[in-house]
Amino acid sequence: MLDAFSRAVVTADSKTSAIGGQELANLRKFIAEGNKRLDAVNAIASNASCIVSDSVAGMICENQGLIQAGGNCYPNRRMAACLRDAEIVLRYITYALLSGDASVLDDRCLNGLKETYVALGVPLQSTARAVGIMKACAVAHINNTSERKMEMIQGDCAAITAEAASYFDRVISVLS
Amino acid sequence: MKSVATTTVAAADSAGRFPTQSDLESVQGSLQRANARLEAAEKLAAGLDKVTQEAGDTVFKKYPYLKSAGEAGENQTKVDKCYRDIKHYLRLINYSLVVGGTGPLDEWGIAGQREVYRALNLPTAPYVAAFEYTRDRACAPRDMSSQALVEFRSYLDYVINSLS
């Protein structure tokens, strides 16, 4: 597992060069914007169950067949499994966002996920849609534009929002 | 690799929970101390060749026998390799300053170090002398700020201890 700092080290080591200049400037930016990152992680983690249930509910609203007999969210046992998985995906995304690197998400969550879902008969398209809704929810919470307003210092969150969105996109692209 | 956030994330993951307030606090704590580390890393990277040269020259001056026949620096190729090794350790110190932990030094420098030096019949005392010289030669505020110097010296001491 890597974070932004150890990623810079691994990259530099592959070239046998010391870390200086541009790489250090990027890390300084990471430090300077650290509080935005922590607020973003907090915004997602504090609203995790809301984000998860909204996304699964939204996925089902768009495709009612999922909760009819034979659907993949029927009966409750399978719906519960779906909610659990959405929470796991969201949790690994918060880890990636906190460390500033996707390796924890890749190694511990996405590696083999598609194959597992195919083997279990989980519909990939619906899963990707749920992740897409989670992305919209999470971005709204980070930008503080959701229904629930959190006490945060307002500022330019474009960079951290884009980074968070990229982790959701990563999950979607693995599933499709 | 152990670093600012990975330890926290690994602990949260083994408990299966989202990052908590205390996780965020601990990450913030290490970010606050990061500027001094990065300053030391930057200054070291900028002067890497010069620091290596000075440290190596000092050692060969202190232990002139190293250049005698049958010793570790008997020809130019072997002397160059000594300088290369000193530079290698300094680069790993640069990495450790960046991640804020001894991970890079441990994984790429110190693991297996004793066995390699024993197998190649290399003395470690000259390396210790080189890093002691570097440690004592560095001074604040000429080379870096005093806080950065504390960080730099602590990793030099770590290497010295591993070689002693």
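Residues numbered from 1 in each chain as written. Chains lettered and ligands numbered in written order. Predicted model: local features only at pLDDT ≥ 70, side-chain atom pairs only at ≥ 80, totals over all residues. Heavy atoms only, no water.

As annotated in an unreviewed UniProt entry, chain B is Bleomycin hydrolase from Aphanothece hegewaldii CCALA 016. UniProt's Subcellular location (unreviewed entry) comment on chain B is quoted here verbatim: "Cellular thylakoid membrane". (UniProt positions renumbered as here; feature names shortened; annotations may be inferred.)

Going by the annotation in an unreviewed UniProt entry, the name recorded for chain A is Bleomycin hydrolase, with Aphanothece hegewaldii CCALA 016 given as the source organism. Under Sequence similarities (unreviewed entry), UniProt gives the following word-for-word description of chain A: "Belongs to the phycobiliprotein family."

Peer 1: It is not clear to me how the overall build of chain A should be interpreted in this structure. Could you clarify?
Peer 2: Counting its secondary structure elements, chain A contains nine helices and zero strands. Counting from the amino terminus, helix and strand elements in chain A follow one another as α-α-α-α-α-α-α-α-α. Projected onto its principal axes, the C-alpha positions of chain A cover 60 × 40 × 20 Å. Within chain A, the proportion of its 176 residues that are buried is 48%. Approximately 8300 Å² of chain A is accessible, and the part contributed by carbon and sulfur atoms is 53%. Averaging the locations of the 17 positively and 18 negatively charged side chains of chain A gives two centres separated by 3 Å. (Helix = DSSP H or I, 4+ residues; strand = E, 2+ residues; numbered from the N terminus. Buried < 20%, exposed > 50% of the residue type's maximum accessible area, 1.4 Å probe, protein only. Areas by Shrake-Rupley, 256 points an atom, 1.4 Å probe, with all protein chains shown as cover. Lys, Arg positive; Asp, Glu negative; His and termini not counted. Charge placed at Lys NZ, Arg CZ, Asp CG, Glu CD.)

Peer 1: Even after reading the chapter, I still don't get helix α2 (residues 21–32) of chain B, so can you show me in this structure?
Peer 2: The periodicity of an α-helix, 3.6 residues per turn, causes residues three or four positions apart to be oriented the same way. Its twelve residues give α2(B) an end-to-end C-alpha distance of 16 Å, which sits within 8% of 16 Å, the value for a rise of 1.5 Å per residue. Those residues of α2(B) that fall on the buried side of the exposure criterion are B:Asp23, B:Leu24, B:Val27 and B:Leu31. Angular distribution of buried residues about the axis of α2(B) spans 95 degrees; they occupy a single face of the element. Projecting away from the buried face of α2(B) at angles above 90 degrees are the exposed residues B:Ser22, B:Glu25 and B:Gln32. Against α1 (4–14), α2 (21–32), α3 (34–46) and α5 (76–99) of chain A together with α1 (6–15) and α3 (34–46) of chain B lie the buried residues of α2(B). (Expected span 1.5 Å × (residues − 1). Arc of directions from axis to C-beta. Contact = heavy atoms within 4.5 Å.)

Peer 1: Honestly, helix α4 (residues 48–62) of chain A in this entry has me stumped. Any pointers?
Peer 2: Residue and element names in this part refer to chain A. With 15 residues, α4 extends 21 Å from end C-alpha to end C-alpha; this agrees with the ideal 21 Å at 1.5 Å per step. For α4, every residue scored as buried is listed here: Ala48, Ile51, Val52, Ser55, Val56, Gly58, Met59 and Ile60. Buried residues belonging to α4 abut α3, α5 and α8 (124–142).

Peer 1: In this structure, what is going on with the interface of chain B and chain A? I would like to understand it.
Peer 2: Accessible area lost on assembly of the parts is the figure often given for the size of an interface. Contacts between the two partners involve 33 residues from chain B and, on the opposite side, 36 residues from chain A. Both faces combined, the contact of chain B with chain A buries some 3100 Å², and carbon together with sulfur accounts for 70% of it. The interface formed by chain B and chain A includes four salt bridges. Among the salt bridges present, the one from A:Arg108 reaches B:Asp13, with a minimum N-O distance of 2.7 Å. The tally of links from chain B across to chain A stands at 16 residue pairs in polar contact (both at pLDDT 80 or more). (Buried area = accessible area lost by both parts, 1.4 Å probe. Salt bridge = Lys/Arg side-chain N within 4 Å of Asp/Glu carboxyl O. Polar contact = N/O pair within 3.5 Å; in protein donor to acceptor, adjacent residues only side chain to side chain.)

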